[in-house]
Amino acid sequence: MGYTLEWGSDEGSCRIQHSAAVDHANGLPHQGAYELAMKSKGTDVSKRNDKLSSLQKEMPQTDILSSLKTMTTKDLNLTRKKFEVAYFIAIEELPLCVYPKILCLEENHGVEFGQVYRNKITCRTFIDYIGLRKTEIYVKYSFLSISDFEYGTSKGVLNKISQFLESEGIENFRTKLVGFGADGAAVNRGSRTSVNVLLQKEIPWIIFGWCVAHRLELALKDKFAEIKAFNDVNNIILKMYNIYKKSQKKLRQLGKLVAILEEGNSFDIAGTRWIAHKIQALEMILDKYEVYMKHLENMTADFSFTQAERAKFKGYH
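Residues numbered from 1 in each chain as written. Predicted model: local features only at pLDDT ≥ 70, side-chain atom pairs only at ≥ 80, totals over all residues. Heavy atoms only, no water.

Brief notes about the pattern of salt bridges
Opposite charge on two side chains permits them to pair, given that their charged atoms come into close proximity. Under the defined criterion, the tally for this structure stands at five salt bridges. A salt bridge links glutamate 112 to lysine 74; the shortest N-O distance between them is 3.8 Å. You can see glutamate 112 sitting in the loop between helix H5 (98–108) and helix H6 (120–133) and its partner lysine 74 sitting in helix H4 (residues 73–91), a full 38 residues away along the chain. You can call glutamate 112 partly exposed: its relative accessible area is 42%. Judged by its relative accessible area of 52%, lysine 74 falls in the exposed class. (Salt bridge = Lys/Arg side-chain N within 4 Å of Asp/Glu carboxyl O. Helix = DSSP H or I, 4+ residues; strand = E, 2+ residues; numbered from the N terminus. Buried < 20%, exposed > 50% of the residue type's maximum accessible area, 1.4 Å probe, protein only.)

Okay, structure coming up:
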C-alpha cells in the first residue's frame, strides 16, 4: 500500500524524505516482503546480507574530509560553498537528491562550485560532519517595538499593545493572538484585572507564558540564597545601598570625597535585571572600596548625625 516507483528509483525523490524511506525499510512489512521476494528467486537472505557486509568492509573508504588538509585556497572556498548548501538541506529537511540540483541552479546564477563532491553521498558526508562539529548556537532577536505607556495600569498596557499592532497593519489581532508573555507583576499576571485577565475575557484560548529571562533571574536568586558567602556579600551591598538611598546629604559628602580622590560615584542595585545589578554593585564596591571606607570613617566622626547613626556607620566600617 502507498507504493510508488520513486521508492526504488536511482534518481531519488523530491517528495520522500530519506528518514521515511529508512523507517519503511526497517519495518516488519517491508522485511517480510523482501524475504519473500528473495526466496522466490532462490536467494538465501541471511547469506546475502553476510556477503554484502563483508564486501563493504573490504571496499576502500574514501575520506573526503581528509583531503581538506591538502586543498588550495580556491578549492577550500568552493568546498565551503558546498558545505553551506548541505547545511541548508539539513536545516530545511530536504531530500539529499536535491543537492546536485541546487548546485546546478546556483551555477546558472554565476556561483562556482567546481567539479567534485557534487552527489548526494558527499552531501550526506558534509551533513554528518556539520552535525559533529557545529556546536555553537547563535540566537538572533529583535524588538518589534519599545514604547512608553501613558498609564501603567493593565488597561493602559493593553491599549498600547492594541494601538501598536493596529498601526502595523495587524487588524483583528485578537482573532490571531494565541499567547501573551510577561513577568509576574500584578499588572501583567494578577488574578482580577491584569492584562492576562483582560485578554482571557476577549480571547478564551490565550495562553500565558512567563518571561524566560525573568524566571531565570529568579531561579539564580533562589539558588544563590542557599550560599552563606553570597548572603554575606548581599547584606553588605544592601547596607551600603541603604546608607545612600534616601540621604542627599550623604550623597553630597560622598561626591566631594569622590572629587578629591578622583574616583567614581555611588551605585544602584535597583532594576529588573537582578543578577546584573548585583554584580555591577559588587564590582563598584570592590573597585571603590577605599572611598566608601573613608566616607564611613568620616561619617562616624560627624556629629551632625545622631549617635545611633554614628554607631551604625562605625559598625559598618
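Read on for the rest.
Details of the nonpolar core
The biggest cluster of nonpolar side chains holds 16 residues, and the ones touching the most others in it are Val85, Ile89, Tyr99, Cys123 and Phe126. Listing elements by their share of this core, those giving two or more residues are H4, H5 and H6. Contact partners of isoleucine 89, with chain neighbours within four places excluded, come to Leu94, Pro95, Leu96, Val98, Tyr99, Ile102 and Cys123. (Core = buried A, V, L, I, M, F, W, Y, C linked by side-chain atoms within 4.5 Å. Contact = heavy atoms within 4.5 Å.)

Remarks on helix H14 (residues 289–300)
With 12 residues, H14 ought to run about 16 Å at 1.5 Å a step, and its terminal C-alpha atoms sit 17 Å apart, in line with that. Among the residues of H14, those classed as buried are Val291, Tyr292, Met293, His295, Leu296 and Met299. (Expected span 1.5 Å × (residues − 1).)

Regarding the packing of aromatic side chains
What the rule picks out here adds up to five aromatic pairs. Relative to phenylalanine 126, the ring of tyrosine 117 lies with its centre 6.2 Å away and its plane at 85°, an arrangement referred to as edge-to-face. Each member of the pair, tyrosine 117 as well as phenylalanine 126, carries the same accessibility label: buried. With 5.4 Å between their ring centres and 85° between their planes, phenylalanine 208 and tryptophan 210 make a pair best called edge-to-face. Taken together, the ring pairs connect Phe83, Tyr117, Phe126 and Tyr129 into an aromatic cluster. Against the face of tryptophan 210 rests arginine 215, its NZ or CZ located 4.6 Å from the ring centre. (Phe/Tyr/Trp six-rings, centres within 6.5 Å; stacked < 30°, edge-to-face > 60°. Lys NZ or Arg CZ within 6 Å of the ring centre and 35° of its normal.)

Description of the side chain of asparagine 188
For asparagine 188, the location among the structural elements is in helix H8 (residues 186–189). When near neighbours in sequence (up to four residues on either side) are disregarded, asparagine 188 contacts Phe180, Ala182, Asp183, Ser194, Val195, Asn196 and Phe208.

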